[in-house]
Amino acid sequence: MSIDQEIQRRRTFAIISHPDAGKTTLTEKLLLYGGAVQLAGSVTARKNQRATTSDWMELEKKRGISISSTVLQFDYDGFRLNLLDTPGHKDFSEDTYRVLTAVDSVVMVIDSAKGIEPQTRKLFEVCRQRGVPIFTFMNKCDRPMKDPLALLDELERVLGIGAFPVNWPIGNGPEFRGVYDRQTKLMHLFERVVGGKYRAPVSVGNLHDPEVRGQLDEATFNKTVEEIEMLEHAGEIFDDAAVLAGKSTPVFFGSGVNNFGVQLLLDGFLKHAPAPKPRVMGGIEISPANPEFSGFIFKIQANMDPKHRDRIAFIRVCSGKFDRDMTVHHSRSEKKVRLSSSHKLFGNERETVDEAYPGDVIGLVGHDSFGIGDTLTTDPKILYKEIPRFTPEAFAHLHNPNTAKFKQFRQGLDQLLQEGVIQALYLRNSSIKTPLLAAVGPLQFEVVQFRLESEYGAESRLESAPWTVVRWLPTDMKEDDLDAISLPTGAKLAYDLGKNSVVLFTNDWSADYFAKTNERVPLSALPVQTARET
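From a predicted model like this one, the values you see are computed outputs, not experimental measurements.

Basis of the calculations
- Residues numbered from 1 in each chain as written.
- Predicted model: local features only at pLDDT ≥ 70, side-chain atom pairs only at ≥ 80, totals over all residues.
- Heavy atoms only, no water.
- Helix = DSSP H or I, 4+ residues; strand = E, 2+ residues; numbered from the N terminus.
- Contact = heavy atoms within 4.5 Å.
- Areas by Shrake-Rupley, 256 points an atom, 1.4 Å probe, with all protein chains shown as cover.
- Salt bridge = Lys/Arg side-chain N within 4 Å of Asp/Glu carboxyl O.
- Buried < 20%, exposed > 50% of the residue type's maximum accessible area, 1.4 Å probe, protein only.
- Pairing = 2+ DSSP bridges.
- Axes fitted to C-alpha atoms, helices over the stretch in contact; angles between N-to-C directions.
- pLDDT = per-residue confidence, 0-100.

**A few points about the overall build of the protein**
When its secondary structure is counted, the protein shows 14 helices and 30 strands. The contacts in the protein between residues at least 6 apart in sequence include a share of 70% that link residues at least 24 apart. Accessible area of the protein: about 23200 Å², with a carbon and sulfur share of 50%.

**Describing the pattern of salt bridges**
Taken as a whole and assessed by the stated rule, the structure comprises 21 salt bridges. Residue Asp 374 is joined to Arg 332 by a salt bridge in which the shortest nitrogen-to-oxygen separation is 2.9 Å. Separated by 42 residues along the polypeptide, Asp 374 in the loop between β22 (361-365) and β23 (375-377) and Arg 332 in the loop between β17 (326-330) and β18 (335-339) bring together distant segments of the chain. Here the salt bridges share partners, and the residues they tie into one network are Glu 6, Arg 9, Arg 10 and Asp 360.

**Some words on the pairing of strand β9 (residues 186-190)**
Where a strand is regular, its side chains alternate between the two sheet faces. Of all five residues making up β9, four are buried, and the element is well covered by its neighbours. Bridging between strand β8 (residues 178-181) and β9 involves four bridges; their strand directions are antiparallel. Residue Tyr 180 lies in a different strand from β9, and its bridge partner there is Met 187. The turn joining β8 and β9, which pair antiparallel and follow one another in sequence, is formed by four residues; a positive phi near 65° is taken by Lys 185.

**Brief notes about the pairing of strand β30 (residues 501-505)**
With respect to burial, β30 is a largely interior element, five of its five residues being buried. Neither face of β30 is open: one carries Ser 501, Val 503 and Phe 505, the other Val 502 and Leu 504, and all of them are buried. The pairing of strand β28 (residues 469-472) with β30 spans four bridges and is antiparallel. When the sheet's bridge partners are listed, Val 469 is paired in β30 with Phe 505. Following strand β29 (residues 492-495), the chain reverses through five residues before pairing antiparallel with β30; Lys 499 in that reversal takes a positive phi of roughly 70°.

**Some details on the side chain of His 330**
Within the fold, His 330 resides in strand β17. Look past the residues within four positions of His 330 in its chain and what remains in contact with it is Lys 335, Val 337, Ser 369, Phe 370, Asp 374, Thr 375 and Leu 376.

**Description of the sheet that holds strand β7 (residues 167-170)**
Spatially, β7-β8-β9-β10 is the arrangement adopted by the four strands of the open sheet, whose pairing is antiparallel. The sheet terminates laterally at β7 and β10 (202-206), the two strands that pair on one side only. Strand-to-strand twist in this sheet, taken as the mean axis angle between neighbours without regard to direction, amounts to 25°. The pairing of β9 with β10 spans five bridges and is classified as antiparallel.

**Looking at the confidence of the model for the protein**
Looking at the protein, the pLDDT average stands at 82 and 86% of residues meet or exceed 70. With pLDDT under 50 throughout, residues 63-69 is counted as low confidence; its partners more than four residues away or in other chains account for 36 contacts.

**Examining unusual backbone geometry**
With a phi close to 55°, Glu 334 is a non-glycine residue in the positive phi region. By the element assignment, Glu 334 lies in the loop between β17 and β18. The class for Glu 334 is exposed, based on a relative accessible area of 63%. Positive phi values are uncommon outside glycine, yet Asn 429 reaches one of about 55°. Following the sequence through the fold, Asn 429 ends up in the loop between β25 (423-427) and β26 (436-439).

**Some remarks on the sheet that holds β30**
Read from one edge to the other, the open sheet built from seven strands follows the order β27-β24-β26-β25-β29-β30-β28, with strand pairing classed as antiparallel. One side of each edge strand has no neighbouring strand; the edge strands of this open sheet are β27 (461-464) and β28. Across the sheet, the axes of successive neighbouring strands diverge by a mean angle of 40°, strand direction being ignored. Packed onto the sheet, helix α12 (residues 443-456) meets β24 (394-399), β26 and β27 and runs at close to 20° relative to β24.

Spelled out as structure tokens, the structure:
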């Protein structure tokens, strides 16, 4: 295939949702229907059943939530899909936001009984700001759900996006039997399979096909016909351009756990989702077909393979062709780097990959100098600034209670800090060198402690800190300038890992008071992205 053909068959997407809307289950079922797994797992599976493919960390299996992002690459119907599974919990939204910089479209999963929930709204806004096309899956139709028309209205009213129902549910809750495809005018009636492990048997026919009609009771059939006629009279047509512009979302109904409507979602998504798009860099558009290889690192994960204790950098290929053993320019160090250990990923499984094209996500192993946001390219003029930074809102001291394990504690913490999910701050003029951990949400600390112990054999003790707000000071401030600052009660000066100075405040009022009384010292709520020379 030519590079253009390779680009056109790529689809790189993420699944977003509020926790418990069924995101991880849908991920499993897309893999099942995509032929990537023979038997679907479930997060709530009993211990003797398979654990979910995409949630590979022990803590995820215990809690039944996704707290790390994984990449799942598989082929289906001539397409190569890069599915980026993301955390749903709000404490891990920073990781999710970074993943959304690396995708070309998203599938938004909504619990049809609850409608749009807070985390869904937040993630939707991030997608809207980036102009990412959104496909909606109304999940859990096999449980008592809101009226389908009310769900469509909620999309338009709460999110401000046009909604086009590609298919329509037949029945509600326990009576949910399948969906009517509005584009082919066919009914898809499904049979439940035990535990949803295998593809659901389906019978397909038109609205008045006696075989299909005979499987529905009178009330369900009449209600479905009435609602379909009402939708047709609305006269709305599917608008591909509006979908690609993020102004309209195709809506699919189904039940991930029972495999109802999953294949229709997958086929509909592939039909309308975009291939890899150009990236804009400083006003210049970098086309995927640009012959120069380029990509950016959006995630780093340590210890995906406990046997090797290595770290893997996830890079989204944006232009040109990747070849294993190629030499590239590393933006931050401005050095040439040879990329010899490259892998394609499937959860925590990996295999060597010799070539990759725009849209692909590959894992690079063994490069300690790589950081989140770094550009790798054969053209040093290309520099991507795709990764957003977020302000921590939770702070805690992390102590090492076992001095005999100091080396394991230090190495483990350093590697976890490189993943960029938590930050470390060091208090100024403090005799205690214990790092102050800073994170978007407190659950991050629990994960750090769990991973320190399970992956590095290092115990830790967490001590909550009194601050709730951090602000960055100007980078040109000298030590004498810091000495001259008058701080509100309880506030402290500290440094981030880049040696940039910050002020820690006990609350928002304290931060506002400082800003009013020190007008010549502007504060920044966003982390400084450059390291100071020392």
